[in-house]
Amino acid sequence: MQFYDILDDMFKDFEEYKDIHKGKGVRGTLITTISPKSNKLAAVVEAIHLASLLHDDVIDEADLRRGFPSINAKYGDFTAVMLGDIIYSRAFYELIDFGEKIAKTVSNAVYLLSQGELEDVNLSKEMNLDKNKYLNMIYKKTASLIEASCKAAAVAEGLNENDFGLYGKNIGIAFQIIDDLLDVTQDEKTLGKPSMLDFKEGKMTLPYIYLYEKLDEADKEKLKSLYKKDLSETEKNWIKNKMNELGIISKCYSEAKELVENAKKAIQKYNIPKLEIIANKIVDRKF
Ligand code: FPP
Ligand code: MG
């Protein structure tokens, strides 16, 4: 992933940047797959994503990111916020060079993802049972930047931005649904952060919304009593077993798979096998 070298070079003067651990590079990889010449654009979008995660870990009070101490845990909230601002501002400075169309596409996504983050915080205040609110929030928080990455790369390559945008939007929503599922199904070692943290943080993700819908009255009350609590292993297992028994894990997987199929359909005619592989990997992953 050549774009990570460009990114590292951009921020080499910042000591704390060296403690940031790289992620999967989904957005950058999508950009360079659609537009091989767009390594710099890929670095810019990865920089924006990185900045948003630095702020997100402050908001979520997360100690771990990608299995390593988060920047806020290591250096404190002020450093994490400021480093995020530095990375974010530099990314925008570089973004202008790609022309108005690409700059507007990406900056509009940042506007949306910031709104999505605020909605996530607000929806976590009490048990949200509205699936549409959840889907709308994850579209903004996660899918908007993935959608914009694909659109911007299509623009750079002179391809149809709507087709690639639709691909990005669908895999973006699927990506977050799978993320929210893995929070339930995987252990701390695999996730690089404690398991079932979402529910403790008040985040009613898709599996929890479906679980609540399917539980009987007594169990609905039990689930409510566990909301935002530090869960014991027994309580975690109760939730997981209920989700399995009621077919909720497989229901969420099928919905994510359907989104991936829609994504692949949107770009089928361009015959770019790597985009199909990326789409499939989004669903078939352990972390
Ligand atoms: C991760 O969500 C968060 C995001 C994808 C978006 C965060 C956006 C902001 C903080 C807005 C500010 C933006 C900029 C560019 C400075 P998550 O908490 O569900 O995922 P996680 O489990 O990986 O933390
Ligand atoms: Mg977070």
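Keep in mind it's a predicted model, so treat the numbers as computed, not measured. (Residues numbered from 1 in each chain as written. Chains lettered and ligands numbered in written order. Predicted model: local features only at pLDDT ≥ 70, side-chain atom pairs only at ≥ 80, totals over all residues. Heavy atoms only, no water.)

(A) Representation of the coordination of the magnesium ion (ligand 2) within the structure. For the magnesium ion (ligand 2), every protein donor is listed as Asp-56 (OD) and Asp-60 (OD), and the spread of their distances is 2.0 to 2.1 Å. The burial state of Asp-56 is the same as that of Asp-60; both residues are buried. (Donors = N, O, S within 2.8 Å, 3.2 Å for Na, K, Ca; no water. Buried < 20%, exposed > 50% of the residue type's maximum accessible area, 1.4 Å probe, protein only.)

(B) Summary view of the pattern of salt bridges. In total, this model carries 23 salt bridges according to the counting rule given. For Arg-90, the salt bridge is made with Glu-94, and the minimal N-O distance between the two is 2.8 Å. You can see Arg-90 and its partner Glu-94 sitting in helix H5 (residues 77-95), four residues apart, about one turn around the helix. Residue classification places Arg-90 among the partly exposed residues on the basis of a relative accessible area of 31%. Taking the shortest distance from any N to any O, the salt bridge between Glu-100 and Lys-104 comes out at 3.1 Å. Linking Glu-100 with Lys-104, this pair stays in helix H6 (residues 100-123), spanning four residues, or about one helical turn. Judged on exposure class, the residue Glu-100 and its partner Lys-104 are both exposed. One salt-bridge network, in which partners are shared between bridges, spans Asp-60, Asp-120, Lys-141, Glu-201 and Lys-203. (Salt bridge = Lys/Arg side-chain N within 4 Å of Asp/Glu carboxyl O. Helix = DSSP H or I, 4+ residues; strand = E, 2+ residues; numbered from the N terminus.)

(C) Quick look at helix H7 (residues 131-157). Counted at 1.5 Å a residue, the expected span for H7 with its 27 residues is 39 Å, and the 36 Å between its end C-alpha atoms agrees. Taking the largest bend as the criterion, H7 deviates by roughly 55°, centred on Ala-143. The N-capping residue of H7, defined by a side-chain oxygen 2.9 Å from the backbone nitrogen of Asn-132, is Asp-130. Just downstream of H7 lies Gly-158, where phi reads positive at about 70°. (Expected span 1.5 Å × (residues − 1). Bend = angle between axes of the 7 residues up to and from the residue. Polar contact = N/O pair within 3.5 Å; in protein donor to acceptor, adjacent residues only side chain to side chain.)

(D) Geometry of the side chain of Asp-56. Position of Asp-56 among the secondary structure elements: in helix H3 (residues 39-59). Excluding anything up to four places from it in sequence, Asp-56 contacts Arg-65 and Glu-117. (Contact = heavy atoms within 4.5 Å.)

(E) Inspection of the site of ligand 1 at higher detail. Taken together, 15 residues lie near ligand 1, and Asp-56, Asp-60, Arg-65, Lys-141 and Lys-193 sit nearest. Asp-56 places a polar side-chain atom, nitrogen or oxygen, 2.9 Å from an oxygen atom of ligand 1. One of the side-chain N or O atoms of Lys-193 is found 2.6 Å from an oxygen atom in ligand 1. In the complex, the protein chains occlude 88% of the 640 Å² of accessible area that ligand 1 would expose alone. Sorting the residues of the shell around ligand 1 by element identifies H3 and H6 as the ones contributing at least two each. The residue makeup of the shell around ligand 1, split by class, is four nonpolar, four polar and seven charged. (Near = heavy atom within 4 Å. Areas by Shrake-Rupley, 256 points an atom, 1.4 Å probe, with all protein chains shown as cover. Nonpolar A, V, L, I, M, F, W, Y, C, P; charged D, E, K, R; others polar.)

(F) Region of interest: the packing of helix H2 (residues 26-34) against H7. Packing of H2 against H7 brings their axes to within 8 Å, and their N-to-C directions diverge by 20°. If you check the angle between H2 and H7, you find them roughly parallel. Of the two elements, H2 crosses H7, and the hand of that crossing is right-handed. In contact with Arg-27, Leu-30, Ile-31 and Ile-34 of H2, H7 contributes Thr-142, Leu-145, Ile-146, Ser-149, Cys-150, Ala-153, Ala-154 and Glu-157. When its residues are assigned to classes, the contact of H2 with H7 shows eight nonpolar, two polar and two charged. (Axes fitted to C-alpha atoms, helices over the stretch in contact; angles between N-to-C directions. Parallel < 35°, antiparallel > 145°, perpendicular 65-115°, else oblique. Left-handed = near helix turned anticlockwise from the far one by under 90°.)

(G) Here's a closer look at the layout of surface pockets. Taken as a whole, the second largest pocket encloses approximately 280 Å³ of empty space. Taken together, 14 residues make up the lining of the second largest pocket; nearest its centre are Lys-24, Val-26, Thr-29, Ile-278 and Lys-281. If you list the elements that add at least two residues to the lining of the second largest pocket, you get H2 and helix H15 (273-283). For the lining of the second largest pocket, the leading source of residues is H15, giving five residues. Looking at the lining of the second largest pocket residue by residue, the classes come out as seven nonpolar, two polar and five charged. (1 Å grid on protein atoms, 1.4 Å probe; cavity = no way out; pocket = protein on both sides within 12 Å on 5 of 7 lines; lining within 4 Å. Points joined across faces, edges and corners; volume = space filled by probe spheres on them.)

(H) Spotlight on empty space enclosed by the protein. Under the definition given, this model contains one cavity of 30 Å³ or more. Roughly 110 Å³ of volume is contained in the largest cavity. What lines the largest cavity is a set of 13 residues, among which Ile-20, His-21, Leu-54, Arg-65 and Ile-71 lie closest to the centre. For the lining of the largest cavity, the secondary-structure elements that each account for two or more residues are H3 and strand S2 (68-69). Element by element, the count of residues in the lining of the largest cavity is highest for H3, at four residues. A breakdown of the residues in the lining of the largest cavity according to their chemical character gives seven nonpolar, two polar and four charged.

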